[in-house]
Amino acid sequence: MSIDISSFRQAFFEESAEQLDEFESSLLQLERDPSDRELLNCIFRCAHSIKGGSATFGFPEVASFTHSLETLLDEVRNSRVVIDSTLSRLLLESLDHMRILISVSKGEVESAPDSAGLIARLVDASKTSPKASPVPVIVEEQSVPGSEELYQLDFKPGQDSIRRGNDPLRMLEDLRGIAEVTRISCDKSGIPPMEEMDPEACYIAWSLTMITTANEAELVEPFEFIAGDSVVNLTVSDGFFRGANFATPSVPEDDAPVVASKRKPAQEAATTSAKDGGTIKVSSEKLDKLINLVGELIISQSMLNSVTEELDTTKLVGLTEAVSHMERSSRELQEQVMGLRLLQIKMAFGRFPRLVHDLASVCNKKIELRLSGEETELDKNLIEAIGDPLTHLVRNSIDHGLEPAEERLNAGKPGVGVLSLSAYHEGGSITIEVADDGRGLNVERILAKAIDRGLVSADDNLTDEQIYQLIFQPGFSTAEQVTDLSGRGVGMDIVNQAIAAIGGSVKVTSVPGKGCSTRIRLPLTMAILEGQSMAVADNVYIIPLTSIIECIRPRQEDVHDIAQTGEVVRVREEFLPVLRMHRAFGVEPKISEPWDGSMVLVECEGRKIAILVDELLGQSQVVIKSLETNYQKVEGIAGATILGDGRVALIIDVPGLVRGFEGQKKKAA
Amino acid sequence: METEQKKLPEGTDLASYTNQFLTFTLADEEYGVDILKVQEIKGYVATTRIPNAPPHVTGVLNLRGTIVPIIDLRRTFNLPEVVYDQFTVIVVVVVHDRVMGMIVDSVSEVMNIMAEDIQPPPNLGKGGSNALRGLGKVDDKLVILLDIDAVLLDEASLATAA
């Protein structure tokens, strides 16, 4: 029987990536708060799991390197080595090294860098304390006189263990490799009478006494993968009891030879590490199917709604009740299922503590990073998509915004600059803000540059607000010298494009000398949108609410046809171009004059346009369906949805529609 | 698959082809498509027009939550248009993982046509014969067997060009 190990390896890679991220964030936190033992335990657990996994899946380089790292961490945990900036830099370096080693194992990177130098430094660091024990470099424990302890282990494999391929005997053999077993007894009392016995079940339990220098974690390691109903009790039997916290010094117990500690260490480690943002891995494909299904439910729901509206509801109280109940539960279900795709924004923010830490030292600036609203949830696609734009913004703030310490002190500000990343709900959307308390945007310089680049002309009377938005124009950069970090003049342009691509918008505000803040507004999800339905001819179209400014009924005297410009409508003090939807889509309208219909004012890429439709219908949440799956992309159409009566309604892609409209106007002119 | 079908006119081994066909009528002629391509048959319902689509694409339809483009085969084959009636049927087919509907006058039956009863398409010059898979003889009737992939994918590429 051959088992395809590659899928397990994939899981290992994913898990180790998570472990490494956790390692990193804990380490950076530990730098600030060296007394937090839980952080240290967390780091240790990460290293330990990676070591275990890499050995199991056949990556000896990773395993042996992680082993030396783990040894050092163990010394730190036992307070034999003190964590300082040199050490934490070494640990960060090792972390990067592990990342490289793992990507080598994945086959992403060709050659592995030599680990020997770093291992030697790790070993060195673990030796700095006089009490430290000689540390083996390769995975092979040696007993060290003096730190030996007597352990008592009760091991009762679950009945299913053998069926699941966990051979208890092999685990005991493994244990013999790291500990000297002085006594072993087998408890056969669990064996049932012959006629009731299942030959594949495991009924036996063992208890053994052993002397070893290995620590608890190492002793329970052989049992790590055993089935959940197994019992592994490890106790220090020489009158000492080690508490749940590995690092807590042993507390003497009065004459208590054996204190049963009920925990199952391997499993506990798993739960603790999962308690923060505990994740379940579900394939995106399954999720998407589930989301589609719920979309269906919503559709059948609205069908039911439209049916009941036409019925004599006074006689059908039961039905209406049922429908309203279904409405509640289907909404709830929808929210739950949509929630599956949501991840905490922590996933996107996670990379910044390290990034800021590194960039600050490169730029020689003192920066404090403040994160808030990390638990705000956002669609997984969006989380992935905002990573790069956020990095751009953070780099920009560090490079251009925040000043060096002397400059800050001269300006009467604290020497340490503050860079804050925050996320919060605002209306139906999520706002992510990147703010710094640096020098702010330089209005004159931006304007001068923009005029220089021909983006605006010198006599355009622009407000500061308008000038700030110029930095989002392609090819704009004010950095006087191109640095490693930014200044290639593509940053803000790319940020703008990337955010627009996922249906969001970017705005920058700035106060000279006080700082600059960039706000990114994002929709909650990309699978459902709030839309305004409208009728044109026999068709129903839907415009996303996010694009709409307002809806009006034009008066005859406000509509003008200007030669060579086209139709315009006056809305208060503004004249807006009119786009007749029926013309754009080539259908026969039901109205003959614009003032018989309604106009939807939309904003797109900074311009306002009035879209003429026959009639406005209601607002509703619609499930977005793809036209491309079975057909193809259609200019001006973002997708389709299904109405309460089962008909298909097209969802308008406002920017696309406007582009097509302007293209036609240009052709006509 | 396409290359296999191109070999057909040269009289290659026809026995390896499936020989069950769904037949339907279009302007009094009997047509057949490979039954394995057919997903389902449904009565005609009004479609939602797609802006700027080519004329033979009448619109899209909601097929249990999937948006499916609908093609009028009469328009595709430049046949005179008729008013859709209660016999008008949409044959839903799957070509290259795409679900599409074809509007036909009516469906007839599922037929077994032996490979030896299928003649390679006549050489009509360059005019559209690649949409034909062959001509089937059943008793005295003639069934025009369509290569539905070629018909619809040609249309799809046409639509892209439009």
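Residues numbered from 1 in each chain as written. Chains lettered and ligands numbered in written order. Predicted model: local features only at pLDDT ≥ 70, side-chain atom pairs only at ≥ 80, totals over all residues.

Engineer: Before we go on, may I ask you to explain the interface of chain A and chain B in this structure?
Structural biologist: Contact with chain A, which involves 26 residues of that partner, is made by 18 residues of chain B. Broken down by secondary-structure element, the contributors of at least two residues to the side of chain A that touches chain B are helix 9 (284-310), helix 18 (581-585), strand 23 (637-642) and strand 24 (648-652) of chain A. In terms of residue count, helix 9 of chain A provides more of the side of chain A that touches chain B than any other element does, four residues in total. Across the side of chain A that touches chain B, the residue classes tally to 13 nonpolar, nine polar and four charged. (Contact = placed C-beta atoms within 7 Å. Helix = DSSP H or I, 4+ residues; strand = E, 2+ residues; numbered from the N terminus. Nonpolar A, V, L, I, M, F, W, Y, C, P; charged D, E, K, R; others polar.)

Engineer: What should I look at first to understand the nonpolar core in this one?
Structural biologist: Where a protein is soluble and globular, its nonpolar side chains tend to be buried together. The biggest cluster of nonpolar side chains holds 76 residues, and the ones touching the most others in it are Ile-611 and Ile-652 of chain A together with Val-60 of chain B. Summarising the domain contributions, this core has at least three residues from each of domain 3 (284-344) and domain 5 (528-668) of chain A. With residues near it in sequence (within four places) discarded, Val-60 of chain B still touches Leu-627, Tyr-631, Ala-640 and Val-648 of chain A together with Thr-47, Thr-48, Ile-50, Ile-67, Val-68, Pro-69 and Ile-70 of chain B. Of all hydrophobic cores here, the second largest spans 41 residues; its members include Leu-382, Leu-390, Leu-441 and Ile-520 of chain A. (Core = buried A, V, L, I, M, F, W, Y, C linked by C-beta atoms within 7 Å. Buried ≥ 20, exposed ≤ 12 C-beta atoms within 10 Å, placed from the backbone. Domains from an automatic or database assignment.)

Engineer: Just checking my understanding: could you explain the packing of helix 9 of chain A against helix 10 (residues 317-341) of chain A for this structure?
Structural biologist: The description of two packed helices rests on the angle between their axes and on the distance between the axes. Residues and elements named next belong to chain A. Contact pair helix 9 / helix 10: the axes reach a minimum separation of 10 Å and the direction vectors enclose 160°. Taken together, the axes of helix 9 and helix 10 lie roughly antiparallel to each other. Like other packed secondary-structure pairs, helix 9 and helix 10 cross with a definite hand, here left-handed. Contact with helix 9, carried on its side by Leu-287, Leu-290, Ile-291, Val-294, Leu-297, Ile-298, Gln-301, Leu-304, Asn-305 and Thr-308, involves Leu-319, Thr-320, Val-323, Met-326, Glu-327, Ser-330, Leu-333, Gln-334, Val-337, Met-338, Leu-340 and Arg-341 of helix 10 and no other residues of that element. Residues belonging to the contact of helix 9 with helix 10 are distributed by class as follows: 14 nonpolar, six polar and two charged. (Axes fitted to C-alpha atoms, helices over the stretch in contact; angles between N-to-C directions. Parallel < 35°, antiparallel > 145°, perpendicular 65-115°, else oblique. Left-handed = near helix turned anticlockwise from the far one by under 90°.)

Engineer: Explain the confidence of the model for chain B here, please?
Structural biologist: A low pLDDT means the predicted coordinates there should not be read in detail. Residues and elements named next belong to chain B. Summary statistics for chain B give a mean pLDDT of 80 and a share of 80% for residues scoring 70 or more. Every residue in residues 1-16 is under pLDDT 50, and counting partners more than four places away or in other chains gives 13 contacts. Ignoring residues within four places in sequence, the model shows residues 157-162, a span with pLDDT below 50, making seven contacts including any to other chains. (pLDDT = per-residue confidence, 0-100.)

Engineer: Just checking my understanding: could you explain the sheet that holds strand 17 (residues 559-562) of chain A for this structure?
Structural biologist: Sheets are built from strands paired through backbone hydrogen bonds, the pairs being either parallel or antiparallel. Residues and elements named next belong to chain A. Spatially, the six strands line up as an open sheet ordered 16-20-21-19-18-17, and their pairing is mixed. Of all strands in the sheet, those with a lone pairing partner are strand 16 (548-552) and strand 17, marking the two edges. Between one strand axis and the next, the sheet turns by 35° as a mean value, whatever way the strands run. Pairing between strand 20 (residues 598-604) and strand 21 (residues 607-613): seven bridges, direction antiparallel. Counterpart to Val-602 in the pairing with strand 21 is Ile-609. (Pairing = 2+ DSSP bridges.)

Engineer: Can you help me understand the pairing of strand 15 (residues 539-544) of chain A in this one?
Structural biologist: Sheet faces and side chains relate simply in a regular strand, where the side chains alternate between the two faces. Residue and element names in this part refer to chain A. Counted residue by residue, strand 15 has five buried out of six residues, so it is predominantly covered. By the bridge criterion, six bridges tie strand 14 (residues 528-536) to strand 15 in an arrangement that is antiparallel. Bridged to Ala-535 within strand 15 is Val-540. Counting the residues that bridge the hairpin from strand 14 to strand 15 gives two residues, and of these Ala-537 lies at a positive phi of roughly 55°. Where strand 15 meets strand 24, two bridges bridge the pair, whose relative direction is parallel.

Engineer: Got a minute to help me understand the sheet that holds strand 12 (residues 505-511) of chain A in this structure?
Structural biologist: Residues and elements named next belong to chain A. With mixed pairing, the five strands of this open sheet are ordered in space as 8-10-11-13-12. Edge positions in the open sheet fall to strand 8 (367-372) and strand 12, since each of these has one partner strand only. Between one strand axis and the next, the sheet turns through 15° on average, direction left out of account. Where strand 12 meets strand 13 (residues 515-523), seven bridges bridge the pair, whose relative direction is antiparallel.

Engineer: What is the right way to look at the confidence of the model for chain A in this model?
Structural biologist: Residue and element names in this part refer to chain A. Here chain A shows a mean pLDDT of 76. Residues at 70 or above account for 83%. Every residue in residues 129-146 is under pLDDT 50, and counting partners more than four places away or in other chains gives 34 contacts. Ignoring residues within four places in sequence, the model shows residues 480-490, a span with pLDDT below 50, making 21 contacts including any to other chains.

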